Amino acid sequence: MVTPMHHELAQRSEDGIVVRLIWDEANDRVLVRYKDTRTGEAFSTQVPNAEALEAFRHPNAYRDEAVAA
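Figured I'd write up the structure that's included with this text. Worth saying up front: this structure is predicted, and the values here are computed from it rather than measured.

## A few points about the nonpolar core
In a soluble, globular protein the nonpolar side chains are often hidden away together inside.
So, point 1. Core analysis: the largest hydrophobic core is formed by 11 residues, namely Val19, Leu21, Val30, Val32, Tyr34, Phe43, Val47, Ala52, Ala55, Phe56 and Tyr62.
So, point 2. Where this core is concerned, the elements lending two or more residues are strand 2 (17-24), strand 3 (29-36), strand 4 (42-47) and helix 1 (52-57).

What follows is the structure, encoded as structure tokens:
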């Protein structure tokens, strides 16, 4: 869910997988949200701001630090 303090920077979807890049303005941090609509698998993870675009392109590389979404 995107709140007034959360701003969606980018979204992409392909083959049932949706990836969203969210900026948390209040905490000045970036989140990547991943969801596979075919399996229901989902996770969300905070990433360093400098790595936001890389995390958006390759969210599974950041999965170890993720929590279920």
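## Quick look at the environment of Ile22
So, point 1. For Ile22, the location among the structural elements is in strand 2.
So, point 2. For Ile22, a relative accessible area of 0% gives the class buried.
So, point 3. Along the chain, Ile22 and Gln46 lie 24 residues apart, while their C-alpha atoms are 9.3 Å from each other.

## Structural notes on the packing of aromatic side chains
So, point 1. Considering all chains together, one arrives at 1 aromatic pair under this definition.
So, point 2. Each ring, one from Tyr34 and one from Phe43, has its centre 4.9 Å from the other, and the planes form 20 degrees; the classification is stacked. Like Phe43, Tyr34 is buried.
So, point 3. Lying across the ring of Phe56, Arg12 places its NZ or CZ 5.4 Å from the centre.

Each value, and the rule that gives it
- Residues numbered from 1 in each chain as written.
- Predicted model: local features only at pLDDT ≥ 70, side-chain atom pairs only at ≥ 80, totals over all residues.
- Heavy atoms only, no water.
- Core = buried A, V, L, I, M, F, W, Y, C linked by side-chain atoms within 4.5 Å.
- Buried < 20%, exposed > 50% of the residue type's maximum accessible area, 1.4 Å probe, protein only.
- Helix = DSSP H or I, 4+ residues; strand = E, 2+ residues; numbered from the N terminus.
- Phe/Tyr/Trp six-rings, centres within 6.5 Å; stacked < 30°, edge-to-face > 60°.
- Lys NZ or Arg CZ within 6 Å of the ring centre and 35° of its normal.

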